[in-house]
Amino acid sequence: MTWNIYKTSNNWGTAGASNTTTDREAADIGSAAFATTDTGQKDFTLTASAVQEWVIGALANNGMILIADTELNDMYSVAACGNATAGQRPRLVVDYLA
């Protein structure tokens, strides 16, 4: 995946997955504040309705995209799911009430 291509020979509708018709949902489902001194784990709280829609199949779970509210001089590294250090891999934790 690159800024222009989401899969070999398949371009984003708009570079950077910016097209809210073909690339991603328009509504935010969560957020987190970052400081320039942040390191380590970062937690995002997602809206319960989005997670529930994934569970019941009403919303396709094609993954998530992290987008900065300002994309100028921002850089944060995120480990991939295949990172050699298991503790650095992204993970989804769902807390629910039965």
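Up top is the structure.
Residues numbered from 1 in each chain as written. Predicted model: local features only at pLDDT ≥ 70, side-chain atom pairs only at ≥ 80, totals over all residues. Heavy atoms only, no water.

Draft legend 1. Here's a closer look at the overall build of the protein. For the protein, the count of helices and strands is 1 helix and 4 strands. Moving toward the C terminus, one meets the helices and strands of the protein in the order β-β-β-β-α. Each of the three principal axes of the protein carries a C-alpha extent, and together these read 45 × 35 × 30 Å. Looking at the protein residue by residue over its 98 residues, the buried ones come to 10%. Put simply, 21% of the contacts in the protein that link residues at least 6 apart link residues at least 24 apart. (Helix = DSSP H or I, 4+ residues; strand = E, 2+ residues; numbered from the N terminus. Buried < 20%, exposed > 50% of the residue type's maximum accessible area, 1.4 Å probe, protein only. Contact = heavy atoms within 4.5 Å.)

Draft legend 2. Region of interest: helix α1 (residues 48–56). The set of residues buried in α1 consists of Ala50, Val51 and Trp54. Down the axis, α1 shows its buried residues gathered within 95° of arc, on one side only. Turned more than 90 degrees off the buried face of α1, the exposed positions are Ala48, Val55 and Ile56. Of the surrounding secondary structure, the elements contacted by the buried residues of α1 are β4 (45–46). Directly after α1, the chain includes glycine 57, whose backbone phi takes a positive value near 85°. (Arc of directions from axis to C-beta.)

Draft legend 3. Expanded view of unusual backbone geometry. Despite not being glycine, serine 9 shows a phi value in the positive range, around 65°. Positive phi outside glycine occurs at alanine 17, with the angle close to 60°. Secondary-structure assignment places alanine 17 in the loop between β2 (10–11) and β3 (30–31).

Draft legend 4. Inspection of the side chain of asparagine 19 at higher detail. Within the element layout of this structure, asparagine 19 appears in the loop between β2 and β3. Separated by 2.7 Å, the side chain of asparagine 19 and the backbone nitrogen of threonine 21 make a polar contact. A distance of 3.1 Å separates a polar atom in the side chain of asparagine 19 from the backbone nitrogen of threonine 22. (Polar contact = N/O pair within 3.5 Å; in protein donor to acceptor, adjacent residues only side chain to side chain.)

Draft legend 5. Representation of the packing of aromatic side chains. Per the counting criterion, the structure on display carries 1 aromatic pair. Ring centres of tyrosine 6 and tryptophan 12 lie 5.3 Å apart, and the angle between their planes is 50°; on these two criteria the pair is classed as tilted. For tyrosine 6, a relative accessible area of 39% translates into the label partly exposed. (Phe/Tyr/Trp six-rings, centres within 6.5 Å; stacked < 30°, edge-to-face > 60°.)

Draft legend 6. Representation of the environment of asparagine 83. In this structure, asparagine 83 sits in the segment after α1. Setting aside residues no more than four positions away along its own chain, asparagine 83 makes contact with Gln88 and Arg89. Polar contacts involving the side chain of asparagine 83 include one to the main-chain amide nitrogen of threonine 85, which spans 2.7 Å.

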